[in-house]
Amino acid sequence: QNEYFPLKMPNTTSTNQLTTINLEDYNYHLPLAQIAQEAFHPRDHCKLMILKDQEILHRKFYNIIDYLEPNDILVLNETKVQHAKLTGKKETGAKIVVTLTKKITTLQYEARIKGNKLKENIKLLFKNNEAIITKKEDDVFFLQFQKELQESDLEIVTPPYIKKKVLEKDYQTVFAHTPGSLAAPTAGLHFTEELLKKIEEKGIKIAKLRLDISFETFLPVKDPSNHKTGKEYFTLDKLNTDIINTNPNNIIAVGTTV
């Protein structure tokens, strides 16, 4: 226990097999200075905490190979963070930040928008384009753009707790393949091509799947008993399914999305 991460059991009450969770019991003090704003270089030299035999060990990430054995299978999420963020303003001059969450047609999108007093028929102005809010359903906005968006108009989506501008190469895994995600599978960010090669040379197989992380990953949990997480696209092909099913010693999932 320490001042930043006090350990205690949450207060829960169970009635007729229903459990009520007190959300405030999960609060803890996290100093802003401890939230990384920049990538660590080299990426596999960051810290790694190992929990083993009731002991806490502090290592470097490249030491992960020491905890993997031949005939283990390492499973990676090869999704790639897409360019889907637009910064602009309302006609009043108020700043807005738009995250495009779904393309409907070449000119129509579903989106989430950070800004105040947004409703239907408001015009949004961007550097090379403009859009009208045609509909709003809960926190989802439907936008009609004046002209087709180009990739150069869009920025990579980054988490709201990262305040600095992030280089794209730092916010993609080295095995990122197909754009579609609105967040990086962060547990995989610490692997390098050299480390993955050493892992394979040790006799550990690597399998890959794709799960596109949705905008819901950024939404706060307000009611734990009724939290909606939304839908996420995923694919796992036969080649990688067969690798996973080859009777391995252990299957190591790299991150919760795997």
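Above this note sits the structure.
A brief structural summary. Predicted model, so just to flag it, every value in this text is computed and none were measured.

Looking at the sheet that holds strand E16 (residues 234-235)
Taken in spatial order, the four strands of this open sheet run E16-E15-E5-E17, and their pairing is mixed. Of all strands in the sheet, those with a lone pairing partner are E16 and strand E17 (251-253), marking the two edges. By the bridge criterion, three bridges tie strand E5 (residues 73-77) to E17 in an arrangement that is parallel. Paired with isoleucine 73 across the two strands is isoleucine 251, which belongs to E17.

Observations concerning the environment of alanine 176
Here alanine 176 is to be found in the loop between strand E13 (155-156) and strand E14 (178-181). Residue classification places alanine 176 among the partly exposed positions, given a relative accessible area of 21%. For the pair alanine 176 and isoleucine 251, spaced 75 residues apart in sequence, the C-alpha separation works out to 20 Å. The contact partners of alanine 176, leaving out residues within four places of it in the chain, are Glu78, Thr79 and Lys80.

Notes on the environment of glutamate 148
Within the secondary structure layout, glutamate 148 lies in the loop between strand E12 (140-145) and E13. Relative accessible area serves as the criterion here: at 44%, glutamate 148 is assigned to the partly exposed category. Glutamate 148 sits 40 residues away from glutamine 108 along the chain, and the two C-alpha atoms are 9.0 Å apart. Those residues in contact with glutamate 148, other than ones at most four positions away along the chain, are Thr106, Leu107 and Asn129.

What counts as what
Chains are numbered independently. Their residues run from 1 in the order of the written sequence. Confidence filtering applies because this is a predicted model: local features only for residues at pLDDT of at least 70, side-chain atom pairs given and counted only at 80 or more, and all residues used for totals across whole chains, interfaces and linings. Side-chain calculation: all heavy atoms of the structure are included, whereas hydrogens and water are not. When DSSP finds two or more bridges between two strands, those strands count as paired. Put simply, DSSP H or I for four residues or longer makes a helix, DSSP E for two residues or longer makes a strand, and each gets a number counted from the N terminus. Note on classification: 1.4 Å probe, protein chains only; a residue is buried when its accessible area is under 20% of the maximum for its type, exposed when over 50%, partly exposed between these limits. A contact between two residues is defined here by any heavy atoms of the two lying within 4.5 Å.

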